[in-house]
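# Commentary on secondary and tertiary structure
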Amino acid sequence: MRPASPTRPRRVSLATREALWALAFLAIPLAFFLFIRIWPAFQALWLSLFNWHADPGQRVFVGSLHYQEMLQDPRLGQALRNTVLYTLLGVPTQLVLGLLVALLLNAITRWRDVFRAIYFAPYVTPAAAVAWVFSWMLSPNFGIVNEILGWLGLPAQPFLTSPTQALATVTLVVVWQNLGFQVVLFLAGLQNIPRDYYEAARIDGASSWQLFRHITLPLLNPVMVFSAVIGTIGFLQLFTQVVNLNFNDQGGPLGSTMTLALYIYQQAFLRLNLGYAAAITVLLFVLILVITLLQLRLLSRRVEY
Amino acid sequence: MLRVLVPLLVLFGLAWAQSPVTITYWQYDFRSKVEAVNELIKRFEAANPGIRVRHETFPYDAYQQKVATAIPAGQGPDVVNLFYGWLPTWVKAGYLQPLPEDLAKVLDNEFAAIAQASRVGGRLYGLPTAVRTLALFYNRDLLSAAGFRTPPKTWDEFIAIAAKLTVREGNRYTQLGYAMAPDGQDHHLVREVLVRQFGGRPYSDDGRRVLYGDAAGLRAFTFYTDWMRKHNVGILGNQFFPGNNAYRDAFIAGRVGMIIDGSFAIGTIRNGARFNWGVAELPNERAGARKVNYGSFWLHGLTPLATGAKREASIKFLQFLTSSETQRYWLEKVGELPARKDLIKDPQLTLDRVYGPFVISLAYAKATPFVDELGQRKVMTDAINRVLLENKDPAESWRMAAAEEQRLLDAFWKDWR
C-alpha cells in the first residue's frame with residue numbers, strides 16, 4: 001500500500017501572498033533603479049576604458065590610461081581639493097545655522113509659519129536667479145554688500161572675483177539657499193520630541209543648556225544624520241551655483257571655485273573627452289560612497305529614553 | 001504589358017524622387033539668428049520643393065551638451081552650427097564629415113582668408129555665413145569731455161586717454177578708462193594681437209607648437225598687465241561692474257571710456273548705449289606698424305547623420321546658407337559681417353562708421369588654431385589673472401601658460417588620426 005500522498009492543493013499563506021504582491025509592486029521602482037541608475041553607472045565605468053568617438057565602432061580601448069591621466073592633471077587635483085573644501089565648509093555651517101534658526105522658530109508660536117515660509121523661499125528659487133542676484137549684491141565696486149561694509153568702516157572685499165575669497169563666497173550663497181530646507185527638517189525633528197521629557201527634566205532641575213545637550217541634541221540625531229548625508233552629497237555634486245556665479249570663467253577665477261561635477265561636465269561636453277570624464281565620475285562615485293558610509297557609521301547612534 | 005508597366009514605373013520613380021527629404025539644422029538660441037534662419041528656410045524650401053528643413057535651437061549653455069549626446073545616439077542634426085574653435089575637437093571625436101572637394105575650391109576662391117580655419121588636417125569641414133573681428137569701442141562723449149577728439153591710434157595714446165578717464169572717488173571707482181576683460185576678448189587681444197604687434201608669433205604654422213613663450217611674447221604680455229598695474233587705465237571689468245559681460249555692460253551704462261570687443265557686440269551696444277559712441281581699428285604698437293587682429297566665425301558643418309539623399313540635401317542647404325544672397329540678408333537681419341570676399345569689399349560696408357573698422361581689420365586678421373578652445377582660453381585667462389589677481393611675476397605666469405598650452409596641443413595631436 002502506498003502511503004497516502006499529500007495531494008491537497010498547495011495553499012499560499014496570506015503572508016506570503018502579501019509579500020509577493022509587495023515584491024511585484026517593488027519590481028517597478030527596482031527596474032527603474034536598475035536601468036536608469038545602476039546600469040548607466042556601469043556604462044560609465046565601461047566608457048572610462050575607451051577614448052571617446054561619436055561612432056561606437058571607432059572607440060579605442062585604452063584600459064587604465066584615463067585613470068593614469070587623472071594622477072597627472074593639476075586642474076583635476078584643484079577641483080578635487082575645492083570639492084572637499086566646499087563640503088567641509090558648507091555642511092557644518094548649514095547644520096549649525098539650520099539648527100539655530102529652527103530652535104528660534106520653535107520658541108515662537110506667532111508667525112512661525114510665515115517665518116518658515118520666508119526661510120524656505122530661497123530653496124525653491126532657481127539657482128541661476130539666486131546666483132545672478134548675488135553676483136550683483138557682491139559686486140566689489142557697486143554692490144550693496146561692500147556698501148554696508150563701508151558704513152561699518154570695513155574695507156571693500158573682492159568676493160567672487162578673488163581666488164582666495166571666491167570659494168567661501170560661493171559656499172555662503174549655497175548655504176543661504178539650502179538653509180530653509182535644513183530649518184524645515186530640524187523643525188519637524190524638534191516637534192517630534194515629546195514635551196514630557198523636557199518637563200520631567202525641568203522638575204529635576206536641569207538647566208536650558210542641559211535640556212538642549214541631553215534631550216534635544218540626542219533626539220535630533222536621526223535628522224542630523226540625514227541632513228549631514230544629504231548635505232554632503234549635495235556639496236560633493238555642486239554645479240549650478242558655481243556655473244552661474246562666474247558665468248564667463250566658470251570655475252574661476254584661476255580655478256578657485258571649480259568643482260568635480262563642473263570639471264566632469266566641461267571635459268565631457270565642452271571638450272568631448274567623454275572617456276576621461278567617465279573616469280572622473282567613477283572617482284566622484286567612490287568618493288561619495290566612501291564618505292556617506294563613513295558618515296552613517298560615525299554619526300548614527302540609537303537614542304532611546 | 002510593357003506598355004502599362006513602363007509608364008507606371010516612371011510615375012513611381014518620379015514620385016519617389018519627389019518625396020521630400022527632411023533634414024535637420026541645429027543652432028543655439030539667439031533671437032535674431034533664429035528668425036533669420038526661419039526666413040531663410042522658407043526661401044530655401046520654395047526653391048527646393050523636394051527638401052524640408054527642420055530647424056531646432058537650444059539655449060547656448062546647453063548647446064554643446066545636446067550635440068555631444070545627440071549625434072552618437074543618431075538623433076541629432078544633419079547640418080550643425082558651431083564655433084570654429086571647436087572644429088578640431090569635433091572632427092577628432094567623429095561629429096563631422098568632410099565636405100566635397102568642390103566646396104573647398106569655393107572656400108579658397110571666394111571666402112575671407114580666416115575662413116581657412118574651417119579646414120582640419122587638410123580637409124574642409126564647414127563654411128561660415130558670417131565672420132567677426134575685434135575693434136575698439138569708445139564713448140565719444142567721455143573722450144571729448146576729457147579733450148580727446150579722436151580715438152587712439154597707438155597704445156601710448158590709448159594709455160594716456162584711459163588713464164585720464166579713470167576716476168576714483170574714495171575707495172571706489174566711478175568711471176574707468178578701459179575695462180580689462182581677460183575672460184571677455186582680452187585673451188584674444190594678448191594672444192593674437194599684442195604678441196604679433198610686439199614682434200612675436202603665437203604658434204608655429206602648423207599650429208602644433210606654442211611660440212609666444214619667447215621674449216617678444218613676454219614683452220607683449222607684460223605690456224598688457226602693466227595697463228592696470230602701472231598705467232592706471234582701469235580695473236577688471238568684473239570687479240568694477242556686475243553681470244556676466246561686466247566690461248560691456250559697464251560700457252553700455254556709460255561708465256567706461258573704451259572696451260575691446262567683437263563685431264558680434266554691435267547689436268547689443270547699439271540697442272543699449274544712450275550716448276555717442278564710435279568704433280575704431282585696434283591701436284597699434286607704434287604708428288605705421290604692421291596691423292594685426294583676431295578673426296573668428298561660426299560655421300555650418302555636416303554631421304555623420306547626413307547620409308544618402310539627406311547628405312545631398314544637406315550640402316545644398318549648406319551652400320544656400322553660405323551663399324552671397326544669404327550673407328547679404330544676414331548682415332541686414334543679424335548684423336554680422338559677411339564671410340565672402342566680394343561682399344566685404346563693398347564700399348558701403350568698408351566706409352560704414354560702425355562696420356568699417358571691423359571689415360578693414362578682416363584683411364589682416366588671424367584665427368587662432370584652437371584644438372581645445374575651452375582649455376586654451378583658460379590658459380590665457382589664468383595667465384593674466386595670476387598677474388592681476390595674485391601679483392605673480394609676469395615672466396613666471398607667462399612661462400606657465402606656454403608650458404600648459406603646449407601640453408594641451410600635444411595631448412590633442414598625439415593620437416590624431
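Remember, it's a predicted structure, so these values are computed and weren't measured experimentally. (Residues numbered from 1 in each chain as written. Chains lettered and ligands numbered in written order. Predicted model: local features only at pLDDT ≥ 70, side-chain atom pairs only at ≥ 80, totals over all residues. Heavy atoms only, no water.)

### What to know about the pattern of salt bridges
Just so we agree on the cut-off: Salt bridge, as used here, is a side-chain nitrogen of Lys or Arg placed within 4 Å of a carboxyl oxygen of Asp or Glu. The way it works is that DSSP assigns letters per residue, a run of H or I at least four long becomes a helix, a run of E at least two long becomes a strand, and they are numbered from the N terminus. With a 1.4 Å probe rolled over the protein chains alone, any residue whose accessible area is under 20% of its type maximum counts as buried; one over 50% counts as exposed, and the rest are partly exposed.
Taken as a whole and judged by the stated rule, the model has 24 salt bridges over all chains. Here A:Arg116 makes a salt bridge to A:Asp113, at a shortest N to O gap of 3.2 Å. One end of the pair is A:Arg116 and the other is A:Asp113, both in helix H4 (residues 112-124) and 3 residues apart, which spans about a single turn. For B:Arg196, the salt bridge goes to B:Glu192, with nearest N and O atoms at 3.0 Å. One end of the pair, B:Arg196, and the other, B:Glu192, are both in helix H8 (residues 182-197), 4 residues apart, so they sit about a helical turn from each other. Each member of the pair, B:Arg196 as well as B:Glu192, carries the same accessibility label: buried.

### Some words on the domain arrangement of chain B
Residue and element names in this part refer to chain B. As a reminder of what qualifies: Domain limits in this description derive from either an automatic procedure or a database domain assignment. Contact definition: two residues touch when any of their heavy atoms are within 4.5 Å. Buried area: the accessible surface (1.4 Å probe) lost by two parts on joining, summed over both.
Each assigned domain of chain B is listed here: domain 1 (21-132 + 296-356) and domain 2 (134-291 + 368-414). Here the C-alpha centre of domain 2 lies 29 Å away from the C-alpha centre of domain 1. Contact residues are listed per partner, giving 14 residues for domain 1 and 14 residues for domain 2. Carbon and sulfur atoms supply 55% of the area that domain 1 and domain 2 bury against each other, a total of about 1,300 Å² over both sides. Where domain 1 touches domain 2, the interface holds 0 salt bridges.

### Comments concerning the packing of aromatic side chains
All names here are of chain B. As a reminder of what qualifies: Aromatic rings from Phe, Tyr and Trp, taking only the six-membered ring of Trp, are treated as a pair when their centres fall within 6.5 Å; an angle between ring planes under 30 degrees marks them as stacked, one over 60 as edge-to-face, and anything in between as tilted. Charge over a ring is defined by NZ of Lys or CZ of Arg lying within 6 Å of the ring centre and within 35 degrees of the ring normal.
Going through the model one piece at a time under the given rule, you end up with 47 aromatic pairs over all chains. Pairing Phe137 with Phe251 gives two aromatic rings, centres 6.5 Å apart and planes at 65°, and the pair type is edge-to-face. Taken as a pair, Phe137 in strand E7 (residues 134-139) and Phe251 in helix H11 (residues 246-252) lie far apart in primary sequence, 114 residues in all. Exposure class is identical for Phe137 and Phe251. Each is buried. Put simply, the rings of Tyr28, Tyr60, Tyr63, Phe83, Tyr84, Trp86, Trp90, Tyr95, Phe297, Trp298 and Phe370 pair up and form one aromatic cluster. Above the ring of Tyr329, the side-chain terminus of Arg43 is found at 4.4 Å from the ring centroid. Taking NZ or CZ as reference, Lys92 lies 4.5 Å from the ring centre of Phe412, over its face.

### Let's talk about the interface of chain B and chain A
Formally: Nitrogen and oxygen atoms within 3.5 Å of one another constitute a polar contact, given that in protein one can donate a hydrogen and the other can accept it, and given that sequence-neighbouring residues count only through two side-chain atoms. In the scheme used here, Gly and all other residues not listed as nonpolar or charged are polar, with Ala, Val, Leu, Ile, Met, Phe, Trp, Tyr, Cys and Pro taken as nonpolar and Asp, Glu, Lys and Arg as charged.
Taken together, the contact pairs 42 residues of chain B with 33 residues of chain A. Here chain B meets chain A over a buried area of about 3,600 Å², counting both sides, of which 52% is carbon and sulfur. Counting across the interface, chain B meets chain A through 5 salt bridges. Across the pair B:Glu404 and A:Arg75 runs a salt bridge, and its minimum N-O distance is 2.7 Å. Our enumeration of links across chain B and chain A arrives at 15 residue pairs in polar contact (both at pLDDT 80 or more). For the side of chain B that touches chain A, the per-class residue count stands at 14 nonpolar, 13 polar and 15 charged.

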